[in-house]
Amino acid sequence: MVFLMALMALVVILVSPEDIAECPKGCSCSTPESILCFQRRSATFPQGVPPLTRSLYLFSNGIEGLSAEDFDGLENLEMLDISQNKLTQLPDGVFLPLTSLKNLDLSSNQISRISEHCFRATVLLERLYLYANHIENIHPAAFSGLDNLLELKLQGNRLTSLPVLVMPRLLLLDLRFNAITMIGPSDIQTPNLESLKLGGVGLNDLNSELIGSLRNLHELDVSSNQLRVLPPILKEIRGLIYLSLAGNPMGPLHFQDLRNLQELKELDISSLSLQGLPAEFGQLFPHLTKLTVAENPFNCLCSLAWLPSWLQAQSITLERTEETRCHFPPINAGKVVERLEHRDFGCPTTTTQTVTPARTTSAVPVATLASVTTAIPMHEANHNDDTNQDNLFPPVPASPSSSSRIVESGKEQHFCSSHTCLNGGTCRLDHSGQVECSCPLGTSGFYCQVQNQHPSSPRMTTVMPNAPALSWRQATSTSILLDLHRYIETRPYIRGIRLTYRNLSGPDRRPMQLSLPASYPEYRLRGLKPNCTYAICASPLGAPNGIESVCTQAHTADEKNASVSGAQTVNKKMTAMLVPSMAILLLLVLIAIAVGVVCFVRKKRAKGHLDLQREPSQPELDGVNGALPQKQAQLPIPEPAVQNSNLEYEVLLLQDHCISSQNFSSHKPSNF
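My aim in this report is to walk through the structure given alongside it, one point at a time. Here the structure is a predicted model, which means the values were calculated and not measured.

What counts, and where the lines are drawn
Residues numbered from 1 in each chain as written. Predicted model: local features only at pLDDT ≥ 70, side-chain atom pairs only at ≥ 80, totals over all residues. Heavy atoms only, no water. Helix = DSSP H or I, 4+ residues; strand = E, 2+ residues; numbered from the N terminus. Buried < 20%, exposed > 50% of the residue type's maximum accessible area, 1.4 Å probe, protein only. Contact = heavy atoms within 4.5 Å. Pairing = 2+ DSSP bridges. Axes fitted to C-alpha atoms, helices over the stretch in contact; angles between N-to-C directions. Core = buried A, V, L, I, M, F, W, Y, C linked by side-chain atoms within 4.5 Å. Disulfide = S-S within 2.5 Å. Phe/Tyr/Trp six-rings, centres within 6.5 Å; stacked < 30°, edge-to-face > 60°. Salt bridge = Lys/Arg side-chain N within 4 Å of Asp/Glu carboxyl O.

So, on to unusual backbone geometry. Glycine aside, negative phi is the norm for most residues, and most peptide bonds take the trans geometry. With an omega dihedral of 0°, the bond running from Phe-328 to Pro-329 counts as a cis peptide bond. Examined against the element boundaries, Pro-329 turns out to sit in the loop between strand S20 (326-328) and strand S21 (351-354). Located in the positive-phi region is Gln-39, a residue other than glycine, with phi close to 55°. The buried category is assigned to Gln-39, whose relative accessible area is 18%. Even without glycine at this site, Ala-121 takes up a positive phi of about 80°. The class of Ala-121 is partly exposed, set by a relative accessible area of 29%.

So, in structure tokens, the structure goes:
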């Protein structure tokens, strides 16, 4: 033991102070090889980073510029995160000293271009994140030599074209929300690519040759583009596990065209104007685990009654459940589809069907309805104890699908409820069983629900014409109530709202985003910090950031003022309860005094009457006087209403407690 202690002392003596690595100012060093500099509030790179550092996190520091000299001596650095700073440019060869660098995050800066020699010598780079910048131009040779790159993220920039990406090992490419309207096989030469994200780039068509060349593709996102028909390549491609077609102006979607995607596990078909899903839907995707069908105008009729039970039986997660609601009939309008029971869809009580298999080459219907009994009225079949407004609507019979049309006297009848279309619209079923409305002049929409305004007949509204598009008011110290009435009214075409907010008062100013349906005129923004100023912006869902965006600033209340206000509310409640109780107590005391006075007067009168009849002797007087205390004790004098030992009336002390859940992470989640 003595020998070991002497050896340790010798090591301490031999190691000079220069050899002991110190943590840079304003940073924390949990391990000798990992340094975190968060919100350092400095425009320059930190000085004195130890040479043995392997991971350096510098996000949200306010750094405005970099130079190659900042990285001298950091040959061992493998992970560098400089995201959420104020970088506007990257000098040529700025990362030359970082010969071991594998992960580089430059996201959420203000970089406008990528030069030819920007990433020179970083040949070991595996992950490069450049998203959420202002990049308009990338030199054709900027990514030359990055043969080991596995992930490249460029979403949220201003790119109109791509350099030729020759990356043999690339697995993930994210180009969402740029303006790249045409992408061909010569632009993306990545044979091993697994995930391709092209959402919101403005595509009118999906290049079949490009997708066909990606033999290892498992994830494809083409949401929020201008695809008017299903790309033909999706009818032939195999091996996809994730597919998103959301937010495209497609016509009726024929799910049989996707029959080759039997390995699909996640499907997003939100905002496609779908009125229903065929019962064969579940058979097409036997391995499905997640389904997103939000913001579609579903007809919650008998033809859709299979969906909730199928989701539950197959343990399929319905994403964005609150935004997946019924549009019609009126009895189900606004209800969450997944929470409806089978009886809520208004299916007929008894239905006899004769199914004729379609085996010949001639066009014969798959199913023909031979006889149909009278259906129960909708307001009786869909009786719900939790909703008292169902009976306010007239009965709406169930609208059959394409496989359930009523046959009467050999003639096929397209049965459609007269209550389906609004504002005098005429309802009919098309050849596929989908509901269509012929709208009168001055109305529009799928169900003629939009009344177009004319100067001669202005539309009445509860929103003031000059009201701001986005207004707010304080709710609690940690929440704000947003008023979106005006914003939605002036944009009847939007299918959803992207809500972005960030704290202007705190050190963490990272923006937070929420997606709301266009049917939410009011929304409570929760989980905020007290006594802070927030920048809040609303824009159409699916549109690039900044387009038709309306912003405002809101302030949360001080937590102390909120507690004082709560105490004042409690005091008012207590005062309102104590005043009547004190009045009752005073009344009881007055009654007791009055009863005592009456009894005393009667006793005195009785005693005076006895004195008139005879004069008592002294012993008798002594006996009467000695018995008076005992008699007085027997007098019915009521006790006070409130005593120390016997409480006949209690005043409850009420306290309002407001517990706010503020679970904010002080560190940025790791991307790697």
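Still to come is the rest of the account.
So, about helix H4 (residues 306-313). Trp-306, Leu-307, Pro-308, Trp-310 and Leu-311 are the residues of H4 that are buried. Looking at the packing, one finds that the buried side of H4 touches helix H3 (281-284), strand S17 (290-292) and strand S19 (317-318). Looking one or two residues beyond H4, the residue adopting positive phi is Ser-315, at roughly 55°.

Turning our eyes to something else, we now look at the sheet that holds strand S30 (residues 479-483). Taken together, the three strands give an open sheet; going across it, the order is S29-S30-S33, and neighbouring strands pair in antiparallel fashion. Each end of this open sheet is capped by a strand with a single partner; those strands are strand S29 (471-476) and strand S33 (522-525). On average, each strand axis in the sheet is tilted by 25° relative to the strand beside it, whichever way the strands run. Pairing of S29 with S30, which is carried by five bridges, proceeds in the antiparallel orientation. When the bridges of S30 are listed, Gln-474 appears paired with Ile-480.

Spatial ordering of the open sheet is given by S32-S31-S34-S35, a layout of four strands whose pairing is antiparallel. Of all the strands in the sheet, the pair left with one neighbour each is strand S32 (512-517) and strand S35 (550-555). Put simply, the sheet's adjacent strands are angled 25° from each other on average, direction ignored. Judged from the seven bridges that link them, strand S31 (residues 496-503) and strand S34 (residues 533-540) form a sheet pairing that is antiparallel. Following the sheet pairing, Leu-499 is matched in S34 by Ala-538.

Counting residues in each nonpolar core, the largest one holds 99 residues, and the members touching the most others are Leu-80, Phe-95, Phe-119, Phe-143, Leu-277 and Phe-281. Elements with a contribution of two residues or more to this core: helix H2 (208-213), H3 and H4. Tallying contributions element by element places H4 first for this core, with four residues. Leave out the neighbours within four places in its chain, and Phe-143 touches Phe-119, Leu-128, Leu-130, Ile-138, Leu-152, Pro-163, Leu-165 and Met-167. Among the nonpolar cores identified, the runner-up in size contains 19 residues, and Tyr-487, Tyr-501, Ile-536 and Val-550 belong to it.

Before going further, it helps to spend a moment on the state of the cysteines. Under the definition given, this model contains five disulfides. Cys-27 shares a disulfide with Cys-37; S-S distance 1.9 Å. Between Cys-27 and Cys-37 the disulfide shows an S-S torsion of about 105°. By sign, it is right-handed. Residue Cys-27 is found in the loop between helix H1 (2-14) and strand S1 (28-31), and its partner Cys-37 is found in the loop between strand S2 (34-36) and strand S3 (55-57); the two are separated by 10 residues along the sequence. You can call Cys-37 buried: its relative accessible area is 0%.

Our next topic: the packing of aromatic side chains. As enumerated under the stated definition, the model contains 11 aromatic pairs in all. An angle of 45° between the planes, with centres 5.8 Å apart, marks the rings of Phe-71 and Phe-95 as tilted. Of this pair, Phe-71 sits in the loop between S3 and strand S4 (79-81) while Phe-95 sits in the loop between S4 and strand S5 (103-105), placing them 24 residues apart in sequence. We note that Phe-71, like Phe-95, is buried. Ring plane angle 25° and centroid distance 6.3 Å describe the contact between Phe-119 and Phe-143, whose orientation is recorded as stacked. Separated by 24 residues along the polypeptide, Phe-119 in the loop between strand S6 (113-114) and strand S7 (127-129) and Phe-143 in the loop between strand S8 (137-138) and strand S9 (151-153) bring together distant segments of the chain. Phe-143 matches Phe-119 in its accessibility class, with the two residues each being buried.

The next subject is the pattern of salt bridges. On inspection of all chains with the given rule, the structure shows 11 salt bridges. In this structure, the salt-bridge partner of Arg-54 is Glu-78, at a minimum N-O distance of 3.0 Å. Within this pair, whereas Arg-54 is found in the loop between S2 and S3, its partner Glu-78 is found in the loop between S3 and S4, the two being separated by 24 residues in sequence. Of the residues examined, Arg-54 reaches a relative accessible area of 33% and is grouped as partly exposed. With relative accessibility at 28%, the residue Glu-78 sits in the partly exposed group. In this structure, Glu-341 and Arg-343 form a salt bridge, with 3.3 Å as the shortest nitrogen-oxygen distance.

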